[in-house]
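Architecture and fold: a report
Spelled out from the first residue to the last, the chains are:
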Amino acid sequence: MNVIELFKKKKNKKIEAIKLALNAEVFNKNGEIKKSINLLNKAINFDKENDSLFYERALCFLKQKQYKKALSDINNALKINKNIYYYHLVKSDVCHFLNKNEEENESIQKAIKLFNKPHLYYEKRIEQSIQNENDKFTNLYKLRLKKLIEFENTLIQEITM
């Protein structure tokens, strides 16, 4: 197999992974999380370098309260791309449920350094969880928002000293 054929084969796998991920998103929005996870598993088999596939599957595992699997996937996403602030925020959510307080705080701090307004992410999540009548996540996001504000105030104090 020559270089061009290898490139085409890799490109076709990436395209197939994207198609599967788009279908998984539809199932996820319809509350069919298991079907979504199955499609994301297949997508990841096609493209193990796509951080967003691991991120999306981590969100599915989080919804299913499979926190260890969610942590594994969000860590895989971060290994591929550590510069996306909301990956760190999702990791902090997962660590919260696993009582990994130090990792939770580290993830929040990394998110703040990457994006100086991560509270916007949680404000949106609070609205979504209220619409979905998910009190557990609404309360978590409110706590997270409070913690973000505390961290931001600490950073401001450090900068001004």
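This text follows the structure it describes.
First, a word on what this report is: a plain description of the structure on this page. (Residues numbered from 1 in each chain as written. Predicted model: local features only at pLDDT ≥ 70, side-chain atom pairs only at ≥ 80, totals over all residues. Heavy atoms only, no water.)

1. Section: the side chain of Asn50
- Tracing the sequence through the fold places Asn50 in the loop between α2 (33–46) and α3 (51–63).
- Among the polar contacts listed, one links the side chain of Asn50 to the side chain of Ser52, at a separation of 2.6 Å. (Helix = DSSP H or I, 4+ residues; strand = E, 2+ residues; numbered from the N terminus. Polar contact = N/O pair within 3.5 Å; in protein donor to acceptor, adjacent residues only side chain to side chain.)

2. Thoughts on the nonpolar core
- Membership of the largest hydrophobic core comes to 30 residues, with the highest contact counts inside it found for Tyr55, Ile74, Tyr87 and Val94.
- Secondary-structure elements contributing two or more residues to this core are α1 (3–29), α2, α3, α4 (67–80) and α5 (85–97).
- Per-element tally for this core: the top contributor is α3, with eight residues.
- Setting aside residues no more than four positions away along its own chain, Ile74 makes contact with Tyr55, Ala58, Tyr87, Val90 and Lys91. (Core = buried A, V, L, I, M, F, W, Y, C linked by side-chain atoms within 4.5 Å. Buried < 20%, exposed > 50% of the residue type's maximum accessible area, 1.4 Å probe, protein only. Contact = heavy atoms within 4.5 Å.)

3. Quick notes on α5
- Taking 1.5 Å per residue as the helical rise, α5 with its 13 residues ought to reach 18 Å, and the 19 Å between its terminal C-alpha atoms agrees with that figure.
- Where burial is concerned, most of α5 is hidden: eleven out of the 13 residues are buried. (Expected span 1.5 Å × (residues − 1).)

4. A short note on the packing of aromatic side chains
- In this structure the tally under the stated criterion is five aromatic pairs.
- Considering the side-chain rings of Tyr55 and Tyr87, the 4.9 Å spacing of their centres and the 25° angle between planes classify their relative orientation as stacked. One end of the pair, Tyr55, is in helix α3; the other, Tyr87, is in helix α5, with 32 residues separating them in the sequence. Across the pair, Tyr87 and Tyr55 agree in class, each one buried.
- Ring centres of Tyr85 and Tyr86 lie 5.4 Å apart, and the angle between their planes is 85°; on these two criteria the pair is classed as edge-to-face. (Phe/Tyr/Trp six-rings, centres within 6.5 Å; stacked < 30°, edge-to-face > 60°.)

5. Side note on the pattern of salt bridges
- For the coordinates displayed, the defined rule picks out seven salt bridges.
- Put simply, Arg57 and Asp73 hold a salt bridge, and the shortest N to O gap is 2.5 Å. Within this pair, whereas Arg57 is found in helix α3, its partner Asp73 is found in helix α4, the two being separated by 16 residues in sequence.
- By relative accessible area, which is 13% here, Arg57 ends up buried.
- It is possible to trace a salt-bridge network through shared partners that takes in Lys14, Asp47 and Glu49. (Salt bridge = Lys/Arg side-chain N within 4 Å of Asp/Glu carboxyl O.)

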